[in-house]
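What follows is the residue order along each chain.
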Amino acid sequence: MPKIPEYRSRVGVTADIPTRAAQGSDLGGTGLSDLGQGIQQGGARLAEAQRILNARQAANEVTQTDVKMLQAQAELTTELNDMVKNWKPEDGEIVPAMQEKVRQRMEGIAFSNGEAVHETTQGRQHFEQQSARLSSHFLVQTAQAQSHIMGQQVIVEHNKAVDVAANTVQTNPDGFDVFQQQIAEMIDNPNGRYSALPAVKREELKRAATSSIARSAVQGKIREAPRVALDRLNNSWMSEHLNDTDMPQLINQAKTAVHALEVDEDRAYREAERQRVATARAISNKMLTKLAAHDADPSNPPLTAQDLIDSGLGQYDDNGFQSMISVLHTRSKEGDREVKTDPVVFRRLFNRIHADPGDPNRLKDETAIQDAFGKHQKLSFADMTHLRKEFQDARTP
């Protein structure tokens, strides 16, 4: 087997080995170092560019949010005003409906086609802040508006209830106590809208309502029975419910109504009296015409006492009826002995017919003329007929 000779180093371990620091040239020169620094600087510039882009996007999102929020606030304010303007009692509360409008509007700003609009943290944070601010703003505004319209509705309903009560007691004054109690119970009902009012305000409303109803009740009584109303008012009727200025005004109204009633009653009496006198005169004329017709032609039916009774003259003028009876009686007894006229009596009656209206001797009807013939036999039948016509002509306008 061949034998391989052992290798022996020719350099002794104790020999000097020259040493030095590595140089850039040993690693390919300074290029690699510059490359590392360039990469670091490029990364920093890229990060700065990205930061600038993000800042610009954030600023754009913030500004767009502000613009959209301003537009939303303006439009939502208009919608709220329309809701308040068109509100009806059956619509109920408007806060939930307005909150839903605000929520939908905020979603419309935050999302587009189902994706979030704000990509930057600043944009999202600004939107959330503005959204919260706007939502809070409209919650307060809507609550105030709702309180206002509800309050207005309470006033409307209150005034309506008071008006209904007041109008009713105008025609039924004695129903005052019932309506006063109903109004008070409505205002004091703890489950009603009035319960939100302070106790002092509720008492004020009750006093005002009671005063209004009391005033209407008094006015109704004045129309119904002015003398009764005036008597009651003079005895402090309703004074505890009326204002200080109401009582003297209502007393004056009652006095005026009483005076008007007296005028109407006097007018009615005068008209009834005129009708009575006219009717009695017409009947008397008819009876005397029948009497004269028989005198002129005995073949005509004579005037009888039964004719006078059946004529109804007595129910219109009892004195005239009695006077006509005496005329009939005297006329039937005349025969060949006619009643002669006393000139003094004739002249006196004539003067009384034409006396001034204020003269107490002025004749008011034909009874005295008829009695001068029938009862006293101081006037002929012909002169009696003549003076009756004179009287009627003088009294006819």
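This text goes with the structure placed above it.
Residues numbered from 1 in each chain as written. Predicted model: local features only at pLDDT ≥ 70, side-chain atom pairs only at ≥ 80, totals over all residues. Heavy atoms only, no water.

Student: Any chance you could explain the overall build of the protein here in plain terms?
Tutor: Summing up its helical and strand segments, the protein has 13 helices and 2 strands in all. Every one of the 397 residues in the protein was classed for burial, and the buried ones make up 30%. Within the protein, contacts between residues at least 6 apart in sequence are counted, and of these 67% link residues at least 24 apart. Here the protein has roughly 26100 Å² of accessible surface; of this, 52% comes from carbon and sulfur atoms. (Helix = DSSP H or I, 4+ residues; strand = E, 2+ residues; numbered from the N terminus. Buried < 20%, exposed > 50% of the residue type's maximum accessible area, 1.4 Å probe, protein only. Contact = heavy atoms within 4.5 Å. Areas by Shrake-Rupley, 256 points an atom, 1.4 Å probe, with all protein chains shown as cover.)

Student: What's the story with the packing of aromatic side chains in this structure? I'm lost.
Tutor: Aromatic ring pairs are described here by two measures, namely the spacing of the ring centres and the angle between the planes. A complete count under the given rule lists 1 aromatic pair for this structure. Their ring planes at 70° and their centres at 5.6 Å tell us that Phe 373 and Phe 381 sit as a pair that is edge-to-face. The aromatic ring of Trp 237 is capped on one face by Arg 232, whose charged end is 5.2 Å from the ring centroid. In this structure, Arg 331 is placed above the aromatic ring of Phe 381, and the distance from its NZ or CZ to the ring centre is 4.2 Å. (Phe/Tyr/Trp six-rings, centres within 6.5 Å; stacked < 30°, edge-to-face > 60°. Lys NZ or Arg CZ within 6 Å of the ring centre and 35° of its normal.)

Student: Before we go on, may I ask you to explain unusual backbone geometry in this structure?
Tutor: What you tend to see is this: most non-glycine residues have negative phi, and most peptide bonds are trans. In this structure, Asn 113 is a non-glycine residue whose phi angle is positive, near 55°. When you line up the elements, Asn 113 lands in the loop between strand S1 (111–112) and strand S2 (115–116). Phi is positive for Gln 377, which is not a glycine, with a value near 55°. Overall, Gln 377 belongs to the partly exposed group, its relative accessible area being 45%.

Student: Just checking my understanding: could you explain the environment of Leu 230 for this structure?
Tutor: Tracing the backbone through its elements, the reader meets Leu 230 in helix H6 (residues 226–234). For Leu 230, the residues in contact, after removing those within four places along its chain, are Ile 251, Ala 254, Lys 255 and Val 258.

Student: Looking at this structure, I do not really get the packing of helix H4 (residues 176–188) against helix H5 (residues 199–224). What am I missing?
Tutor: For any two helices packed against each other, the geometry comes down to the angle between their axes and how far apart the axes lie. For the pair H4 and H5, interaxial distance at closest approach is 10 Å and the crossing angle is 160°. It follows from the interaxial angle that H4 and H5 lie roughly antiparallel. Read as a crossing pair, H4 and H5 show a hand that is right-handed. On the side of H4, the interface is formed by Phe 176, Phe 179, Gln 180, Ile 183, Ala 184, Ile 187 and Asp 188, while H5 contributes Arg 202, Leu 205, Lys 206, Ala 209, Thr 210, Ile 213, Ala 214 and Ala 217. Of the residues in the contact of H4 with H5, the class split is 10 nonpolar, 2 polar and 3 charged. (Axes fitted to C-alpha atoms, helices over the stretch in contact; angles between N-to-C directions. Parallel < 35°, antiparallel > 145°, perpendicular 65-115°, else oblique. Left-handed = near helix turned anticlockwise from the far one by under 90°. Nonpolar A, V, L, I, M, F, W, Y, C, P; charged D, E, K, R; others polar.)

Student: I would appreciate a short explanation of the pattern of salt bridges in the present structure.
Tutor: If charged atoms from side chains of opposite charge come close, those side chains can pair. Summed over all chains, the structure comprises 21 salt bridges. Two residues, Lys 201 and Glu 204, come together in a salt bridge whose shortest N-O distance is 3.7 Å. Taken together, the residues span about one helical turn, with Lys 201 and Glu 204 both in helix H5 at a distance of 3 residues. A relative accessible area of 34% means that Lys 201 is categorised as partly exposed. A relative accessible area of 41% places Glu 204 in the partly exposed class. For Arg 227, the salt bridge identified is with Glu 265, shortest N-O distance 2.8 Å. With a gap of 38 residues between them, Arg 227 in helix H6 and Glu 265 in helix H7 (residues 246–296) connect regions that are remote in the sequence. Among the residues examined, Glu 265 registers a relative accessible area of 38% and is labelled partly exposed. One network of salt bridges, in which partners are shared, links Glu 100, Arg 103 and Glu 107. (Salt bridge = Lys/Arg side-chain N within 4 Å of Asp/Glu carboxyl O.)

Honestly, it's all geometry; don't read function into it.
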